[in-house]
Amino acid sequence: METTLATFKQFANLEEAIEVQQILTNNGIETRLADNVPILDTNFTGSTVNNRIEIQIRTTNFKEAETLLQQYANNTLDTIDKDYYLYAFTNEELFDVLLKFDEWGELDYQLAQKILTERGKTVDEALLKSLKNQRLKDLAQPEPNAKSWIVAGYLFAFLGGLLGLLVGYMLFSSKRILPDGRKVYSYRVKDRKQGKIIFYISLVTTPLTLLYKAFLPMFIG
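The notes below deal with the structure included here. Model, not experiment: these values are computed from the prediction. (Residues numbered from 1 in each chain as written. Predicted model: local features only at pLDDT ≥ 70, side-chain atom pairs only at ≥ 80, totals over all residues. Heavy atoms only, no water.)

**Let's talk about the sheet that holds strand β1 (residues 6-11)**
Part 1: With antiparallel pairing, the three strands of this open sheet are ordered in space as β1-β3-β2. Edge positions in the sheet fall to β1 and β2 (32-35), since each has one partner strand and no second. When strand polarity is set aside, the average angle formed by the axes of neighbouring strands in this sheet is 35 degrees.
Part 2: Pairing geometry for β1 and strand β3 (residues 53-57), over five bridges, is antiparallel. Across the sheet, residue Lys-9 finds its bridge partner in β3, namely Ile-55. (Pairing = 2+ DSSP bridges. Helix = DSSP H or I, 4+ residues; strand = E, 2+ residues; numbered from the N terminus. Axes fitted to C-alpha atoms, helices over the stretch in contact; angles between N-to-C directions.)

**What about the side chain of Ser-202?**
Part 1: Structurally, Ser-202 can be placed in helix α9 (residues 189-220).
Part 2: Residue class for Ser-202 comes out buried when judged on its relative accessible area of 0%.
Part 3: A polar contact is formed between the side chain of Ser-202 and the backbone nitrogen of Leu-165, at a distance of 3.4 Å.
Part 4: Residue contacts for Ser-202: discarding those within four places in its chain leaves Ala-157, Gly-164, Leu-165 and Pro-207. (Buried < 20%, exposed > 50% of the residue type's maximum accessible area, 1.4 Å probe, protein only. Polar contact = N/O pair within 3.5 Å; in protein donor to acceptor, adjacent residues only side chain to side chain. Contact = heavy atoms within 4.5 Å.)

**Thoughts on the pattern of salt bridges**
Part 1: All chains considered together, the criterion is met by nine salt bridges.
Part 2: Glu-118 is the salt-bridge partner of Lys-82, the closest N and O atoms lying 3.7 Å from each other. One end of the pair, Lys-82, is in the loop between α3 (62-76) and α4 (91-99); the other, Glu-118, is in helix α5 (residues 106-118), with 36 residues separating them in the sequence.
Part 3: For Arg-182, the salt bridge goes to Asp-180, with nearest N and O atoms at 2.8 Å.
Part 4: Judged by its relative accessible area of 35%, Asp-180 is partly exposed.
Part 5: One connected set of salt bridges, linked through shared partners, spans Asp-102, Glu-103 and Arg-135. (Salt bridge = Lys/Arg side-chain N within 4 Å of Asp/Glu carboxyl O.)

**What to know about the packing of helix α7 (residues 147-159) against helix α8 (residues 162-173)**
Part 1: At their nearest, the axes of α7 and α8 sit 7 Å apart, and the two run at 145 degrees to each other. Crossing of α7 over α8 shows left-handed handedness. Side by side, α7 and α8 meet where Trp-149, Ile-150, Gly-153, Phe-156 and Ala-157 of the first sit next to Leu-163, Gly-164, Val-167, Met-170 and Leu-171 of the second.
Part 2: Here the residues of the contact of α7 with α8 sort into eight nonpolar, two polar and no charged. (Left-handed = near helix turned anticlockwise from the far one by under 90°. Nonpolar A, V, L, I, M, F, W, Y, C, P; charged D, E, K, R; others polar.)

This is how it looks when you write it as structure tokens:
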């Protein structure tokens, strides 16, 4: 049985995350809240992704969890007032909600469909499936440029620091979870190859550096 929990949904605020967590927990799905603060400084990579609250569950529960949230949203739609913020969105903005379904709660996703339909726009299963497939395809694309990490990795590797091992390992092994539960590599094949080279160089230089630092006082003492 799978024991590893993976990111299922991300939220901009804790209150919304706890509400969804409660729905899942009440239906027997194990959950965990986490802050996706990056291990390594995102300023170095140029990433613009803000830290968000994550709900993590087993990937085998993804479909069940989606169904539960859809049912909850459908039962709540008729209680939403017309002053709800999505009603102020343009049609283009609402279609963007449908495209980026992973960035929105299930209620907002369902409500965007309802509002567009009320405005005379066609929102059917074929369209939703097409948008979802396009989004998954976009999210599956590896990071386009890992040059900064590669340069830094080689620098750390030849200096014999443990950071070389960390950077190399991150480049060749880092994966992310797609909204449908699939795992994909974060970096391109050629960048992962560079990561392996950095890692193996660091495996040689790091212990040599540690030995050098350990015996150096004996020679200068």
